[in-house]
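Coordinate inspection notes
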Amino acid sequence: MFASIAWRLWDQDMLTSGGVIEAAKAHPVLAPLVFVAAYALAMLFMLPTLPLNIGAGFLWGAAFGAVYALLGSTLGAILAFSFARSAFGQPFARGFNSRFLQRLSSSLEKGQWKVVAFVRLNPAVPTSVINFLLGLTSLRLWTYVWGTFVFSAPLCYAFSYLGQLTGGFILDGDTGRLVRLVAVTLGLGLFLMVGKQVLGRGKTQDVAAESDGQQS
């Protein structure tokens, strides 16, 4: 079914870059809704979403592209979380021999929103997989929802801005945009490194505090 739809869209020149741009312009309301739904489904089925995030910036600019990517990312994360919790739940997690899941559950006892912040800001964590794993823990749904929305926003905007700059350079050959593209890429890498260090330092302090408490 999906292959048939994809073939028809390709046959009508709607999956090429030009066709996608024209479709987005021709359907200013429907196109974002389709994009958000496609992004959510990609998250649910654990497909790569970075191209979609960059493509959103290419189609709608950094601001609107980030909003659409953030909505799709949050919706997909909620669907995956809810599916794991309703289909399996914590009883399944307790019988599931996973050291990572046990560490995750232990970290949630120290601060639920901090765990959500860490997994959303850390590019080394596979987002699609972690959505399902968090559904098997005691993490509160509301904390998961607002934490995902808030802490996914910086990366969504950064990648959308990257898409906007990339699209401008490809379409216009603007060298100035290429310079900004390199600067944003380097800045994004620095932001991720600093964020990882800060969150890792906080986790180390929590462990040290817990160890001191046990000794006393």
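Residues numbered from 1 in each chain as written. Predicted model: local features only at pLDDT ≥ 70, side-chain atom pairs only at ≥ 80, totals over all residues. Heavy atoms only, no water.

Attention shifts here to the overall build of the protein. On a plain count of helices and strands, the protein comes out with 10 helices and zero strands. Going from N to C terminus, the protein has its helices and strands arranged as α-α-α-α-α-α-α-α-α-α. The 216 residues of the protein split such that 37% are buried. Taking contacts inside the protein between residues at least 6 apart in sequence as the whole, the part at least 24 apart equals 75%. Of the accessible surface of the protein, which amounts to about 12,900 Å², a share of 68% is contributed by carbon and sulfur atoms. (Helix = DSSP H or I, 4+ residues; strand = E, 2+ residues; numbered from the N terminus. Buried < 20%, exposed > 50% of the residue type's maximum accessible area, 1.4 Å probe, protein only. Contact = heavy atoms within 4.5 Å. Areas by Shrake-Rupley, 256 points an atom, 1.4 Å probe, with all protein chains shown as cover.)

Let's shift gears to the environment of Arg 120. In this fold, Arg 120 is placed in helix α7 (residues 112–121). Taking the C-alpha atoms as reference points, Arg 120 and Ile 130, separated by 10 residues in sequence, lie 9.5 Å from one another. In this structure, Arg 120 is in contact with Ala 77, Thr 127, Ile 130, Asn 131, Tyr 144, Gly 147, Thr 148, Phe 151, Ser 152 and Leu 155, ignoring residues within four places of it in sequence. Polar contacts involving the side chain of Arg 120 include one to the side chain of Asn 131, which spans 2.8 Å. (Polar contact = N/O pair within 3.5 Å; in protein donor to acceptor, adjacent residues only side chain to side chain.)

With that settled, the discussion passes to helix α8 (residues 127–135). Within an α-helix, residues lying three or four positions from one another point in the same direction, as the helix has 3.6 residues per turn. Here α8 lies mainly inside the structure; seven of its nine residues are buried. Within the span of α8, buried status applies to Ser 128, Ile 130, Asn 131, Phe 132, Leu 133, Leu 134 and Gly 135.

Another aspect to go through is the nonpolar core. The biggest cluster of nonpolar side chains holds 29 residues, and the ones touching the most others in it are Phe 35, Trp 60, Leu 104, Ile 130, Leu 134, Leu 139 and Tyr 144. Secondary structure elements with two or more residues in this core: α3 (30–44), α4 (50–87), α6 (99–108), α7, α8 and α9 (141–172). Looking at which element gives the most residues to this core, the answer is α4, with nine residues. (Core = buried A, V, L, I, M, F, W, Y, C linked by side-chain atoms within 4.5 Å.)

Two elements in contact, α7 and α8, have axes whose closest approach is 10 Å; the angle formed by their N-to-C orientations is 160°. One finds that α7 runs roughly antiparallel with respect to α8. Along this stretch, α7 crosses α8, giving a crossing that reads as right-handed. On α8, the residues that touch Val 115, Val 119 and Arg 120 of α7 are Thr 127, Ile 130, Asn 131 and Leu 134. Of the residues assigned to the contact of α7 with α8, the class counts are four nonpolar, two polar and one charged. (Axes fitted to C-alpha atoms, helices over the stretch in contact; angles between N-to-C directions. Parallel < 35°, antiparallel > 145°, perpendicular 65-115°, else oblique. Left-handed = near helix turned anticlockwise from the far one by under 90°. Nonpolar A, V, L, I, M, F, W, Y, C, P; charged D, E, K, R; others polar.)

The subject of this paragraph is unusual backbone geometry. Phi is positive for Met 46, close to 55°, though the residue is something other than glycine. Tracing the backbone shows Met 46 in the loop between α3 and α4.

All right, on to the packing of aromatic side chains then. Throughout the structure, instances matching the rule amount to nine aromatic pairs. A centroid spacing of 5.8 Å and a plane angle of 65° characterise the contact between Phe 35 and Tyr 39, whose relative ring orientation is edge-to-face. One end of the pair is Phe 35 and the other is Tyr 39, both in helix α3 and four residues apart, which spans about a single turn. Phe 35 gets classed as buried once you look at its relative accessible area, which sits at 9%. Between Phe 35 and Trp 60 the ring centres are 5.3 Å apart and the planes differ by 70°, which places this aromatic pair in the edge-to-face class. Here Trp 60 lies in helix α4 and Phe 35 lies in helix α3, a separation of 25 residues in the sequence. Grouped by ring-pair contacts, the aromatic residues Phe 35, Tyr 39, Trp 60, Phe 64 and Tyr 68 constitute a single cluster. (Phe/Tyr/Trp six-rings, centres within 6.5 Å; stacked < 30°, edge-to-face > 60°.)

Attention now goes to the environment of Phe 58. You can see Phe 58 is positioned in helix α4. Spatially, the C-alpha atoms of Phe 58 and Ser 160 are 7.2 Å apart, while their sequence positions differ by 102 residues.

It is worth spelling out a nonpolar patch on the surface at this point. A surface patch of nonpolar side chains, amounting to about 400 Å² of accessible area, comprises Val 29, Leu 30, Leu 33 and Val 34. Among the structural elements, Val 34 can be located in helix α3. (Patch = residues over 30% accessible without salt bridge, like charges linked within 9 Å, V, L, I, M, F, W, Y side chains within 5 Å. Salt bridge = Lys/Arg side-chain N within 4 Å of Asp/Glu carboxyl O.)

So, to be careful, I would describe these as geometric facts and stop short of saying anything about function.
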